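An overview of the molecular structure
The residues making up each chain are set out below.
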Amino acid sequence: MNNGKEKLVVEVVAAHNLMPKDGEGSSSPFVEVEFENQRLRTQVKLRDLNPVWNEKLVFHVNDVADLPYRTIEHW
């Protein structure tokens, strides 16, 4: 254990050629990431099929030694 001082930083950069989802030929995407029961998301990019976020999502790590066995969920 590390007393919650360690962090995992996930950098969300961009997406390209997303499929339109709003019925008007566009989409307003965001990225949601979950790690160790922490869920964070980027800003929504309104009507953008090629969004650029350049955002960092910072998660607290409970046990650094266990990190190689953890997964990050994204959708």
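Cut-offs and rules
Residues numbered from 1 in each chain as written. Predicted model: local features only at pLDDT ≥ 70, side-chain atom pairs only at ≥ 80, totals over all residues. Heavy atoms only, no water. Helix = DSSP H or I, 4+ residues; strand = E, 2+ residues; numbered from the N terminus. Buried < 20%, exposed > 50% of the residue type's maximum accessible area, 1.4 Å probe, protein only. Contact = heavy atoms within 4.5 Å. Salt bridge = Lys/Arg side-chain N within 4 Å of Asp/Glu carboxyl O.

**Here we look at the overall build of the protein**
The helix and strand inventory of the protein stands at 0 helices and 5 strands. Tracing the protein from N to C terminus, the helices and strands come up as β-β-β-β-β. Principal-axis analysis of the C-alpha atoms places the extent of the protein at approximately 50 × 20 × 15 Å. Counting every position in the protein, which comprises 75 residues, the buried fraction comes to 28%. Look at the contacts in the protein between residues 6 or more apart in sequence, and 62% of them connect residues 24 or more apart.

**A closer look at the pattern of salt bridges**
Oppositely charged side chains may form a pair once their charged atoms are brought near each other. Under the defined criterion, the tally for this structure stands at 4 salt bridges. One salt bridge in this structure joins glutamate 34 and arginine 39, with 2.7 Å as the shortest N-O distance. A salt bridge links aspartate 66 to arginine 70; the shortest N-O distance between them is 3.0 Å. Residue classification places aspartate 66 among the partly exposed residues on the basis of a relative accessible area of 25%.

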